[in-house]
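In case you want the letters, here they are:
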Amino acid sequence: MTRIGSRTTGRPTLAEVARLSGVSPITASRALRGVSTVAPELVLKVTAAAASLGYVANPAARALASARSQSVVVLIPSLSNQLFIDTLEAIHEVMRPRGLEVLIGNYHYDLDEEENLIRNYLAYQPCGILLTGFDRSDTSRQMLAASGVPCVHMMELGGEQGALSVGFSQQQAGRAAALHLIERGRRRLAFIAAQLDPRVMQRAEGFRQALAEAGMQATELEILAPQPSSIELGSELFSQLLAKAPDVDGIFFCNDDLAQGAVLQALRQGIEVPRQVAMVGFNDLPASAHMVPRLTSIRTPRAAVGRGAAQALLALLDGKRVAAEQQDLGFELMVREST
């Protein structure tokens, strides 16, 4: 026999939760979504009622009823990179008080996979999307434009006119690494990179430009590997570079994990860092400050990017005007013992 007030499936409804807790269905919904304006004592009543009834929210039905879900989609290229973990944590911190659910899509640096994720998530009518960078397929661009869903881009600046972005100049970061090594008196500079996504190549371009301005060969000493970056790969690529150019005296790595692997390999081979070769990493991951020697790295505002992008998206959802299309959060060169 079907319970009164329940759907024909027999599952408990939001209306039942509201009646049991003595609040309106709207208040019950807000309490279960974690909206911060609901009084704590009411949240306790509603959650207790939901638990006793075994109530589970149906986001698809909620989206159908409102023509917009309470979900925000975040598309990132990797979940194995600390950079994006920090960014996701910051996004959650901003979205949670508003009762918005964060849906994470990991496309593994594959634009076709990102396209499929966009197609699938748009079917659930998200209220907003946070995208990583500006590099995506034409089909993805068309779907996003046609959907009318507010979007904010993270990690890069620029892109299409009118597109909101929160990040920093990847190119200027690469340039800063080169200038630092040059200022340290290094003259045989190399660039080692993996993954080779657009942001890595922007860093490479900035590095090359700085070398060219200093009258140095920009591409002679480069190792560009398509596989994902790792400490193990950093060790291997460093050995490859030394075999090719044993007189190299300064290296910029596109990611800290590569640089960490190189520091460890140098230790194994008896190569003194920085006396024989100086090393600069990128992202300033936590372990970099504890390497031997401690690694000089470019600190990126990964948490601030997530926070700023989430706040910009909330402003769009509230119908507010975002002050600047591009929010440049900058970066910081953390000079340590490796240079």
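Rules and cut-offs
- Residues numbered from 1 in each chain as written.
- Predicted model: local features only at pLDDT ≥ 70, side-chain atom pairs only at ≥ 80, totals over all residues.
- Heavy atoms only, no water.
- Pairing = 2+ DSSP bridges.
- Helix = DSSP H or I, 4+ residues; strand = E, 2+ residues; numbered from the N terminus.
- Axes fitted to C-alpha atoms, helices over the stretch in contact; angles between N-to-C directions.
- Contact = heavy atoms within 4.5 Å.
- Expected span 1.5 Å × (residues − 1).
- Buried < 20%, exposed > 50% of the residue type's maximum accessible area, 1.4 Å probe, protein only.
- Arc of directions from axis to C-beta.

Undergrad: Would you explain the sheet that holds strand β2 (residues 101-106) in this entry?
TA: Strands pair in a sheet through their backbones, by hydrogen bonds, and they do so in one of two ways: parallel or antiparallel. Strand order in the open sheet formed by six strands is β2-β1-β3-β4-β5-β11, and the pairing between neighbours is parallel. The open sheet has two edge strands with one neighbour each: β2 and β11 (326-328). Across the sheet, the mean angle separating the axes of adjacent strands is 20 degrees when strand polarity is ignored. Bridge count between strand β5 (residues 164-167) and β11: three bridges; the pairing is parallel. Its bridge partner being in β11, V166 is matched across the sheet by Q327.

Undergrad: Quick question: what am I supposed to make of the pairing of strand β10 (residues 296-299) here?
TA: Across a regular strand the side chains alternate sides, sitting on one face of the sheet and then on the other. As paired strands, strand β9 (residues 278-283) and β10 are joined by four bridges and run parallel to one another. Within the sheet, the bridge partner assigned to F282 lies in β10 and is I298. Examined bridge by bridge, β10 and strand β12 (residues 332-334) share three bridges and lie antiparallel to one another. Residue pairing in the sheet places R299 in a bridge with E332 of β12.

Undergrad: Any chance you could explain the sheet that holds β9 here in plain terms?
TA: The strand order across the open sheet formed by six strands is β7-β6-β8-β9-β10-β12, and the pairing between neighbours is mixed. Edge strands, defined here as strands with exactly one partner in the open sheet, are β7 (222-225) and β12. Here the average twist between neighbouring strands, direction ignored, is 15 degrees. For strand β6 (residues 189-194) and strand β8 (residues 250-253), the ladder comprises four bridges, and the chain directions are parallel. Following the sheet pairing, F191 is matched in β8 by F252. Each of β6, β8, β9, β10 and β12 is contacted by helix α8 (residues 170-183), which is oriented at about 160 degrees to β9, the strand it contacts most.

Undergrad: It is not clear to me how helix α3 (residues 40-53) should be interpreted in this structure. Could you clarify?
TA: It helps to recall that an α-helix has 3.6 residues per turn; residues three or four apart then point in one direction. Helix length check: α3 (14 residues) gives 20 Å between terminal C-alpha atoms against 20 Å at 1.5 Å per residue, within 8%. The complete set of buried residues in α3 reads V46, A49 and A50. Viewed end-on, α3 has its buried residues packed into an arc of 100 degrees, placing them on one side of the element. Along α3, the residues that are exposed and aim more than 90 degrees away from the buried face are P40, L44, A51 and S52. On its buried face, α3 sits against α1 (14-21) and α2 (25-32). A positive phi of about 75 degrees marks G54, the residue just after α3.

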